[in-house]
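# Survey of secondary and tertiary structure
One-letter residues, chain by chain:
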2 protein chains.
Amino acid sequence: MANMFPDSFEGQESRILRDLNEPLVDHAEGQLFLNDAFKIIMEEVLCKGTDIKQKVCEWKEPEELSLLLDLELRATGEPRERLLQRVKDVAKYSIKTSHPRFFNQLFAGVDYHALAGRFLTEALNTNLYTYEVAPVFVLMENEVLRGMRQLVGWTEGDGIFCPGGSVSNMYAMNLARYQLLPDVKRQGLFGLPRLNVFTSSESHYSVKKAAAFLGIGTDNVIFVKVDDGGRMDPVDLDEKIKLAKSQGAVPFLVSCTCGTTVRGAFDPLDLIADVCEKHKLWMHVDAAWGGSVLFSKQHAHLMQGVNRANSVAWNPHKMLATGLQCSALLLQDTMNLLRNCHSANATYLFQQDKFYDVKFDVGDKSVQCSRKVDCLKFWLMWKAVGSNGFADRVDKAFSHAGYLVDQIKKREGFCLLQEPDFVNICFWFIPPSLRGKEGNADYQDRLAKVAPVIKERMMKQGTMMVGYQPLGNKVNFFRLVVFSPVLSQKDMDFVIDEIERLGNDL
Amino acid sequence: MANMFPDSFEGQESRILRDLNEPLVDHAEGQLFLNDAFKIIMEEVLCKGTDIKQKVCEWKEPEELSLLLDLELRATGEPRERLLQRVKDVAKYSIKTSHPRFFNQLFAGVDYHALAGRFLTEALNTNLYTYEVAPVFVLMENEVLRGMRQLVGWTEGDGIFCPGGSVSNMYAMNLARYQLLPDVKRQGLFGLPRLNVFTSSESHYSVKKAAAFLGIGTDNVIFVKVDDGGRMDPVDLDEKIKLAKSQGAVPFLVSCTCGTTVRGAFDPLDLIADVCEKHKLWMHVDAAWGGSVLFSKQHAHLMQGVNRANSVAWNPHKMLATGLQCSALLLQDTMNLLRNCHSANATYLFQQDKFYDVKFDVGDKSVQCSRKVDCLKFWLMWKAVGSNGFADRVDKAFSHAGYLVDQIKKREGFCLLQEPDFVNICFWFIPPSLRGKEGNADYQDRLAKVAPVIKERMMKQGTMMVGYQPLGNKVNFFRLVVFSPVLSQKDMDFVIDEIERLGNDL
């Protein structure tokens, strides 16, 4: 160490030694700052940010915003007042995803119990890998997963929280592969026949990303036809599996979707389970978006057959507004497949000579090492509202959707893509100049340009945010998702009026 | 929708319609709860949790803790006071990772600016995939990555924050593979010759996990010898690469380590870069733990040659205490490799007809879809202390390490594993009954049992937490990592005294 510490520590009070007596962090000062920052967060993000009299976004072009934020990182630190101003600025120019007029994604709204759980998670700064470091959260995650599995219909099983639904889906793909071909873990895919994954043409893109990442390749994701509502066709699935086999590929996984991203369709799980059983394939259900219907007596039927799946991905951070991220992968397996598939048995972390039962060291189930605690926010919220409260939220979301569909049907110039199964309401706004012109050759081209223009206007005025996209041969349409717990009927009335206002001159 | 909404909405004020007028979340009540929870967090986690007069952990066996926490999830919600008590209980039984006597992992301590950034992140609940939803954070992430790349020595490049170092390492492996064999993204690894990864025998287990997950297989991770200090031997690397080639494998990646998990060793990057250049291999540097030395003029030399790497993983959540998680993958590439490798071009999210420049929609660089904001906490902290402040923290950690090494050398019964390069101090405590018995046949067996017993005692008394592990033929030894910004010299004095106190009867 001599070269690193040229001054001897012996017999003198050197500068470095005096410094060693003082920690670098001043707790009192730090806590004061945190307290002030908390007040700003309360005011700017949670009060103003959920107030319909305030904008949902404050649009700035990237170049201008860069200047406004003064992002540059420098050699010297800044005074406290400037730092607090920075907290304000970040809040000001960020999108208010908890605002009642934020309909842009499959997450929205705020739940204060969940948010309290998130603040506590951050303050505790726990890494969820061993019982010794995360005793509360090892047990809590286990209990939350148990509660979720129970809704799926499993009295036993396994599971883990992952950093998002895409990763949960990847895990399922890796587990399905490992179950069929355990040697792949050691030997890789080299020299094996092609493995094939089956999923609907409207499933989430993460299935392709997973196939690419896991070395399976996107060409080996076989897309199954959907019906008019966007639900996987089990007959086509069966045929595509047979075709794949006849071409020398090895089918190993069917990834179903409950709540497709755009249309909110639910694949017919029972019929798909029959096909999976027939061909002995792993059945995964990507219910990242739709899974929360399991809380509702009225709507759980949409996932009839989910208990026959091998794995289910379900993100409470979407419909239940727990906050990003909260994505569970649930497994029916009771044979330690998750740990066997992912473990590396690192001796520095998962020592076998610990003084407690090391089965509580759950970290080796994950391909992550550091893993955030994602269960506390959901657990605290569940304690706060109960399963019944979650059921109410789901039921209310469907009611809101029904109300909105009704309004859209009544309003001139609005055209539903289809009757929704779920809370994704897809529709076109037909501006006055295009009404009655359906027969014109340029109708579709002109209609395709409507949503992007209205989107630009709503964002520049900051009045709301709604997503749009094309789908197959259907040109750009709006997708409005209504599930946020902060919503009320007037917000939906507003959306229709506002789209009309923004697009009436088009 | 008829079956879902049996009551007509027309002409009547049904119950469901009245309900629609009221949001499910009461903001005033919720904010009050959050405010009270914040006070508890301040008191229990940040005041008591960093107070050396308080315990670092409150050990309970899993069964007992389950009962104490009453984890069960029920149908009905609970009253506010009980929920606040739950916040207290979670804090009480959780490990105080910010406590000055928490030396158990490669993360520890608290920084209040970072924590303010984390609370703001949680409140804003932003998903970092498009500029329209995350304008501030798209730009901020870019700037933070630029600042980090600058320290690596790159004026250009790319990068992304990942959910932990293991995932960053996986990304590097996937990018290296894609660069060599872009068709793997579409076609998978089937029929290809074996790909080989090279890493030192003391590298992090995530390299093996990545190889398993990516379909490459753990057998295709070739472990390179290390020198006495745990640093990769470049001569052995060269030989192993040649051997692999001669056996028909295709080497494609060398994963170096800066700051190995146990001993804190830094691989000799310049010498390894020579080997990588010679064989045209992707050079990845896993600097998850050690990367922060780049801030220090005095210690950055440990990573001499890092600028020659293709990719670097670096976790500020470790040495800089930004809080979990903050892990950057930095790339030298300027040809959009990250996006090309990971993109799926989903039309519902990454529309090309947006009104702004879609190059700011960074989400397709990730294999995640939902991605948390991990840059804000680091950015705010950087603004608060400046690069100079980070340099001070790194330098101080080395000073603490030097002081501790000095004390260990002076104290009877303590035996250093080696002179450390970094702030991992590895040592045995030799209890009185074993001193001078090195020649006995059962010496190693008995020594191996010392650390686990002392660990059990420290946790049950709650006085501190220090990790231990074996390494190769070296039996269980303590690994003390000293870098937390809340540390002062007396905490290190305490550790030695306390180990002695706890182990003197062994």
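Residues numbered from 1 in each chain as written. Chains lettered and ligands numbered in written order. Predicted model: local features only at pLDDT ≥ 70, side-chain atom pairs only at ≥ 80, totals over all residues. Heavy atoms only, no water.

Okay, the overall build of chain A next. Broken down by element type, chain A carries 16 helices and 12 strands. Its C-alpha atoms give chain A a radius of gyration of 26 Å, within 12% of the compact-globule value 23 Å for 506 residues. Summarising its shape, the C-alpha atoms of chain A cover approximately 95 × 55 × 45 Å along the three principal directions. For chain A, buried positions account for 68% of its 506 residues. Of all intrachain contacts in chain A linking residues separated by at least 6 positions in sequence, the fraction that spans at least 24 positions is 71%. A total of about 16700 Å² of accessible surface is found on chain A, and carbon and sulfur atoms cover 49% of it. Seen as two clouds, the 59 positive and the 63 negative side-chain charges of chain A have centres 3 Å apart. (Helix = DSSP H or I, 4+ residues; strand = E, 2+ residues; numbered from the N terminus. Rg over C-alpha atoms; globule rule 2.2 N^0.38 Å. Buried < 20%, exposed > 50% of the residue type's maximum accessible area, 1.4 Å probe, protein only. Contact = heavy atoms within 4.5 Å. Areas by Shrake-Rupley, 256 points an atom, 1.4 Å probe, with all protein chains shown as cover. Lys, Arg positive; Asp, Glu negative; His and termini not counted. Charge placed at Lys NZ, Arg CZ, Asp CG, Glu CD.)

This part covers the interface of chain B and chain A. Contact with chain B, which involves 191 residues of that partner, is made by 192 residues of chain A. For the pair chain B and chain A, the summed buried surface comes to about 16800 Å²; carbon and sulfur atoms form 64% of the total. Of all residues in chain B, Phe190(B), Phe213(B) and Phe355(B) give up the largest surface area on contact with chain A, accounting jointly for 5% of the area buried on that side. The interface formed by chain B and chain A holds 12 salt bridges in total. Note that Lys383(B) is salt-bridged to Glu78(A), the shortest N-O span being 3.8 Å. For the pair chain B and chain A, the number of links is 84 residue pairs in polar contact (both at pLDDT 80 or more). It is helix H14 (residues 376-410) of chain B that provides the largest number of residues to the side of chain B that touches chain A, a total of 23 residues. Residues belonging to the side of chain B that touches chain A are distributed by class as follows: 97 nonpolar, 54 polar and 40 charged. (Buried area = accessible area lost by both parts, 1.4 Å probe. Salt bridge = Lys/Arg side-chain N within 4 Å of Asp/Glu carboxyl O. Polar contact = N/O pair within 3.5 Å; in protein donor to acceptor, adjacent residues only side chain to side chain. Nonpolar A, V, L, I, M, F, W, Y, C, P; charged D, E, K, R; others polar.)

Moving on to the packing of helix H3 (residues 62-69) of chain A against helix H4 (residues 80-93) of chain A. Packed helix pairs are characterised by how far apart their axes lie and by the angle those axes make with each other. All names here are of chain A. The interhelical angle for the contact between H3 and H4, taken along N-to-C directions, is 160°, at an axis separation of 10 Å. When the interaxial angle is binned, H3 and H4 end up roughly antiparallel. Along this stretch, H3 crosses H4, giving a crossing that reads as right-handed. Residues Leu-65, Leu-68 and Leu-69 of H3 pack against Arg-86, Asp-89, Val-90 and Tyr-93 of H4. (Axes fitted to C-alpha atoms, helices over the stretch in contact; angles between N-to-C directions. Parallel < 35°, antiparallel > 145°, perpendicular 65-115°, else oblique. Left-handed = near helix turned anticlockwise from the far one by under 90°.)

As enumerated under the stated definition, the model contains 53 aromatic pairs over all chains in all. A ring pair is formed by Tyr348(A) and Tyr205(B), whose centres lie 6.1 Å apart and whose planes are at 40°; its orientation type is tilted. Within this pair, whereas Tyr348(A) is found in the loop between helix H12 (337-342) and helix H13 (376-410), its partner Tyr205(B) is found in the loop between strand E3 (195-200) and helix H9 (206-213), the two belonging to separate chains. Like Tyr348(A), the residue Tyr205(B) is buried in the burial classification. An aromatic cluster of at least three residues, connected via ring pairs, comprises Trp59(A), Tyr131(B), Phe355(B), Tyr356(B) and Phe360(B). Sitting over the face of the ring of Phe494(A), Arg101(A) holds its NZ or CZ atom 3.9 Å from the ring centroid. (Phe/Tyr/Trp six-rings, centres within 6.5 Å; stacked < 30°, edge-to-face > 60°. Lys NZ or Arg CZ within 6 Å of the ring centre and 35° of its normal.)

Glancing now at the pattern of salt bridges. A side chain of one charge can pair with a side chain of the opposite charge if their charged atoms are brought near each other. Enumeration over the complete set of coordinates arrives at 88 salt bridges over all chains. The closest approach of N and O atoms between Lys278(A) and Asp238(A), which form a salt bridge, is 2.9 Å. Of this pair, Lys278(A) sits in helix H11 (residues 269-279) while Asp238(A) sits in helix H10 (residues 234-246), and the two are 40 residues apart along the sequence. Residue classification places Asp238(A) among the buried positions, given a relative accessible area of 13%. What emerges from the salt-bridge pattern is a single network uniting Asp70(A), Glu72(A), Arg74(A), Glu78(A), Arg86(A) and Lys383(B).

Residues and elements named next belong to chain A. Summarising burial for strand E6 (residues 282-286): 5 of the 5 residues are buried, a large majority. Covered by surrounding structure in E6 are Trp-282, His-284 and Asp-286 together with Met-283 and Val-285, the residues of both alternating faces. Sheet analysis places strand E5 (residues 250-257) next to E6, joined by 5 bridges and oriented parallel. Directly across from Ser-255, in E6, lies its bridge partner His-284. (Pairing = 2+ DSSP bridges.)

Time to look at the sheet that holds E6(A). Picture the strands of a sheet paired through backbone hydrogen bonds; they go either parallel or antiparallel. Residues and elements named next belong to chain A. In spatial order, the strands read E2-E8-E7-E6-E5-E3-E4; together these 7 strands make up an open sheet with mixed pairing. Edge positions in the sheet fall to strand E2 (158-162) and strand E4 (221-224), since each has one partner strand and no second. Going from strand to strand, the sheet's axes swing by 20° on average, the running direction of each strand aside. Contacting strand E3 (195-200), E4 and E5, helix H9 (residues 206-213) crosses the sheet at an angle of about 160° to E4.

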